[in-house]
Amino acid sequence: MSIGTADRAQSLVRAGSPPSGKSLWQRMWSVRWCYLFMLPSLILTVAFTLYPTVMSWYFSLLDWSGFGSDRDWAGFANYREVVRDDLFWNAYVRSFLFTLAGAPIKIGLALVVALVLNDASLRFRSFYRTLFFLPVVTSSAIIGIVMTFIFSPLDGPVNMVLLQLGFIDIPVDFLGDPDTALWTVVAVYIWKWFGVTMIYWLAALQVVPRELYEAARIDGANRWNMHRSITLPLIVPFALVIVLITVVSALNIFGLVQTMTGGGPFFATEVMELYIYRNAFGAGEVPRLGYASAAAVFFGITVFAVSLLQGWGLKKANTARAQMKTQ
Amino acid sequence: MRHRATTAIAMTAKKQRLVGAHDIPSPRRGFRWRPRSVIPHLVLLPICFVWIYPFLWMVSAGLKTEREIYSGLSLIPETLRWENFQRAWVVARIGEYFVNTVIITVGSIAIVLFSVALMGYVLGRFQFPGKKLVIAIFAATIFLPEGYTIIPIVELLQRLHLTNSLAGVTLAQSGGAHVVMVLLFAGYFAQLPKDLEEAAVVDGASFFRVFWEVMLPLAKPVVATTVILQFMSSWNAFLQPLVLTLSRPDLRTLAVGMYAFRGEYSTDWSGMAAASAISLAPVIITFLFLQRYFIEGIAGSVKQ
Amino acid sequence: MDRKQNHTPKSATMTRRSALQLAGAAALAAGTVSTTGLSAAAQSTPSPAAPAYPLVLEQGPIKIYDYGLTLPTDDVTFRWADHQGVRVPFHEALHAAFMEAYPNITIEYDSLGQDLAELLAVGVQSGDAHDVLPSNAGILAPQAVREGWIAPLDDVLPNFEQWKAAYPPNTFLPGINVFDGKTYSCPMYASKLHRNLLFYNTGLLRDAGYDPATTPLTWDDFRAAARTVTEQGNYGFISAGGPGSSFVVTLAEIAGAHGGEFNWQTGEFNYTSDQFLAAIDLMMAMNDDGSFLPGMASMTDTDVRARLPQGRAAMYISGIWNVSIWEQAEPGFDFGVASAPVPTSGEAFPLSIAPGIGEAYYLYAGSDYKEIAAALFAFVGSLEGNVALKEISKAVNPAVFPEANEIVDHSERGKRAIEINDQQLRLRPAPAVRNLDATQVEMERRPVTPNLMDVVNGIFSGQVGDPRAAMQDLQDRSNQELDRAIQAAVDSGAQVSRDDWVFSNWDPAEDYDLEKYEEL
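Treat the numbers as computed from the prediction; the structure is a model and nothing was measured. (Residues numbered from 1 in each chain as written. Chains lettered and ligands numbered in written order. Predicted model: local features only at pLDDT ≥ 70, side-chain atom pairs only at ≥ 80, totals over all residues. Heavy atoms only, no water.)

A few points about the overall build of chain B
Within chain B, the regular secondary structure consists of 15 helices and 0 strands. Going through the 304 residues of chain B one by one, you find that 60% of them count as buried. As displayed, chain B has an accessible area near 12,100 Å², and 67% of this comes from carbon and sulfur atoms. (Helix = DSSP H or I, 4+ residues; strand = E, 2+ residues; numbered from the N terminus. Buried < 20%, exposed > 50% of the residue type's maximum accessible area, 1.4 Å probe, protein only. Areas by Shrake-Rupley, 256 points an atom, 1.4 Å probe, with all protein chains shown as cover.)

As structure tokens, then:
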């Protein structure tokens, strides 16, 4: 699959280089400016993303604290240790639990709010959008402390409300109880990063022509039917991209969990990035950069696999849509 | 992965061009207060209030005493302690660090915008051998877990003699694949009409001129989006600026300065809250002004 | 230059106190005084052998001397990295005075919170660091020496031998801060710094009918006091992130688990000892009583410290530094300080503390201005400097020179805290002092996870079921890891064995000083 193949073929023709009948070198020479203009971006990518990544693969094969010249070749020893570590699998499972719980709710809720805030008849839309976006820019350190008040079992408002509504009999230590800590962090995560997903949805919704809504309204469709029959089909391609971005970011969640629970109680909220961090930079203990890198690479590979699956789904969906159109 | 996503955006954008009815004015320009139009606000306002409560608390904490902060969630300080803001300005070295942060942010926005737009242009409108490889590289980069690549980056900049300089931090902040941005530019450029490049693109100068004079000005919404995304990331960046200027406190950024409030035994929350409020104001203002473009940019639509 | 002349006459009119300090410093520098306190030091006359440096500038307790070093004459910036805390005003005053004396030198003092200080090691290894680094910032001394990251002070400091000899005994130890006979650190605070005192809200405990001011609470009283406070509407005990290791280790060690986590006489871990298991039982019993403040699991020590004055919780185990923090930030907070609870009345065993861990400074080997560091270290690492530290910071945190700790007139509770500090803490042995190759083991040693703190908090939260089995598991894993690290060190050429962790002549009631190592 390539981007707008027809367009590109046209451009090439205009650039005076028919796509076939010439040697690879000739074809490359004819589009040499493409390579030149990709160079800045490629250099930045290679230097600051690919090179560090390849280095981390190399580090993962070392017995190295990350400091000093004492780098011993360890082969796959780190990987063997990683897969034998219960706490690694604990973090592994938690990362996916976190994502499975957090991503769908965030994506769904953000879509609902985006639909509301996309309604042209709603005044002060920009104002509301900004409000929903504010948590994104609120500092994580401050959020950490506010949330200990909000979820406090002593006098926190969440417990107050739940007690008064009769949902619970005794206050819940949301962040301290291993049964609730992860879900509490998930809730805060959804809240904190909701704004970004909402913006993506709002962007997607701009592709739905407004007069389609008008026409549907004249036909007497209610809001739900309108969205189901008009909006959703049009934004499906976006949905897949948004899901991909959200899932990858949820799997890599770090700062928020670190400031709220630090992974506790007893590893109940230790997601993968915290596990990696604890081993690579863990305060007060001897760091193990080699081992942490092995855990990160192993985890990265599986995330890659998940994404490939998702991409495959995306391709299937696109193909299905294409077939529908031709019919 | 990447190019599939691009396709999705490109396709949708095309479809929208086909339908193309964006010049129809909103039917509700002549707005009147009617009960029905008030109801959504009655629902939205309380939700939003709860939603931004932590943010409001942060701002109010900047005006409280330490004791008040730990006494709970009230938003109203007993007395307004503006001296917290004054202290924040001094302790977090906001005056100095503001300048550093602006330099790094503006510099990295310029570098990223330039490199990403060019990459998006090439990927979005041209076919060339090796394209799949480039796309594969970009696709691979999105899956990297963060946090452990800092040491190679420090070593790299060390070798370039760029540590402990604002240039080094700017470069590091500009570094990376910026997949989402490339994707947006590629999708956006792909859906623009073919006849835009009327002049035959035979040499580098005209190739670049078409990009610079024709294509980029048309891509304002994506430019705005890139500016916002990069602004948020550079303005809030913490670990890289810190590690890269470790022994030069005078080169630090606002986000690093915040940490001056975290003492060994105590945290000056009111100072930190005040400093956060000061340093976040530009982010919020930028968002407020650019959010319309931001949304349009991601959509790839060309509403004027 | 004018300033210098203005200040020189001032030195002639010395205050009584500064005269006293000078005498003390000079006497100490000559090595004539042992650690018997200021009065003894003040009585002895300055030894003629002591170097009398000309005073350049004096500002309160801060004195800038001309040590005869060749300091830079052009405009330079010198960078001093440090932790935050009560020391900051001292350094700021010192640096201000120094910059006044030498206007061409700018000292940039960079006091970093713990999170950031941990990153200093990254800078050191990438060849770019502050000129001065704090000792406990993620930089392991043996590694830093081996890699050439930090510089020996022997050739840098003026009259190095006398400077070093002035320090109290057991400050400089091979394998800790001395390597191959060279000295690498400028100690400022004492190693003996109590990290596990019992702090209590005087009013809440009084209402409950308890007062540990003079005699420590017994375990039974401790539990009963916490329960009574809880019944009266507040909470008995608070601890950041769960009871954690401080609760269990402190109670167990005072009860007779010598060495805390590791018994240096037998060379075995103490995790499965009766004392540890009993302390865990006590913790669970208090948990059943509901005596722990709800929500403390998600708090940090910073939070706890800020919340305790609000009076919702009565007792807290933490370090001696809290005394000054509360006295300065919360003058209205009526709190007391006491020994951690003892099993039955009168039975309190000492607490062991590692030697050579007092906060100190390293000189970065890549520093271009080692003479500036030398001039500053010469003062920071002297009795006079320690006195200035104490006078300016007004904090109880024990300075390395014991005489300095008696200079400042602390509050009654401050004095009590220092008294308990001196009574309870004893230096334990360190394998690195005995055998330098043991440092290689320390560098090989990996963190055991879950560690004691994790296990205790897991038992507390109910995530770890059987305490005895969990502690046995911890014991086994700790043993395995120590053995593995030793083997790894041996494999890379170190001559070391588990026997180096066994100190048959260790008496927990006494400081394990250098002579004891020689007895082995």
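Describing the environment of C:Asp221
Relative to the helices and strands, C:Asp221 resides in helix H10 (residues 219–231). C-alpha separation for the pair C:Asp221 and C:Tyr210, spaced 11 residues apart in sequence, amounts to 8.0 Å.

Description of the interface of chain C and chain A
Taken residue by residue, the interface counts 32 residues in chain C and 30 residues in chain A. Taken together, the two surfaces of chain C and chain A that pack against each other cover about 2,500 Å², and 57% of this comes from carbon and sulfur. Considering only the surface of chain C that becomes buried against chain A, C:Ser298, C:Arg446 and C:Gln463 emerge as the three largest contributors, covering 22% of it. Inspection of the region where chain C meets chain A yields 3 salt bridges. (Contact = heavy atoms within 4.5 Å. Buried area = accessible area lost by both parts, 1.4 Å probe. Salt bridge = Lys/Arg side-chain N within 4 Å of Asp/Glu carboxyl O.)

A few points about the packing of aromatic side chains
One pass over the structure, following the stated rule, counts 70 aromatic pairs over all chains. Considering the side-chain rings of C:Phe237 and C:Phe292, the 5.7 Å spacing of their centres and the 90° angle between planes classify their relative orientation as edge-to-face. With C:Phe237 in strand S10 (residues 235–237) and C:Phe292 in the loop between helix H12 (274–288) and helix H13 (301–307), this residue pair connects regions lying 55 residues apart in the sequence. There is no split in this pair, since C:Phe237 and C:Phe292 are both buried. Linked through ring pairs, A:Phe37, B:Phe114, B:Tyr121, B:Phe126, B:Phe185, B:Tyr188, B:Phe189, B:Phe208, B:Phe211 and B:Trp212 together constitute an aromatic cluster. The ring of A:Trp193 has A:Lys192 lying over it, and the distance from NZ or CZ to the ring centre is 4.7 Å. When the ring centre of C:Phe503 is taken as reference, the NZ or CZ atom of C:Arg434 above it lies at 4.4 Å. (Phe/Tyr/Trp six-rings, centres within 6.5 Å; stacked < 30°, edge-to-face > 60°. Lys NZ or Arg CZ within 6 Å of the ring centre and 35° of its normal.)

Structural notes on the nonpolar core
Counting residues in each nonpolar core, the largest one holds 213 residues, and the members touching the most others are A:Phe98, A:Leu117, A:Phe132, A:Met198, A:Trp201, B:Trp57 and B:Phe185. What A:Met198 contacts, discounting residues up to four positions off in sequence, is A:Ala110, A:Val113, A:Ala114, A:Leu117, A:Arg129 and A:Phe132. Within the second largest apolar cluster, 95 residues are counted, among which are C:Val249, C:Phe333, C:Ala340 and C:Leu482. (Core = buried A, V, L, I, M, F, W, Y, C linked by side-chain atoms within 4.5 Å.)

What about helix H17 (residues 412–424) of chain C?
Since the α-helix advances by 3.6 residues per turn, residues separated by three or four positions end up pointing in the same direction. Residues and elements named next belong to chain C. Over its 13 residues, H17 extends 18 Å from the first C-alpha to the last, a length consistent with the 18 Å expected when each residue adds 1.5 Å. Three or more residues of H17 are buried, namely Gly414, Arg416, Ala417, Ile418, Ile420, Asn421 and Gln424. Looking at the buried residues of H17, the elements they touch are strand S9 (197–201), helix H11 (244–254), helix H14 (322–329), strand S14 (335–338), strand S15 (351–353) and strand S17 (425–427). (Expected span 1.5 Å × (residues − 1).)

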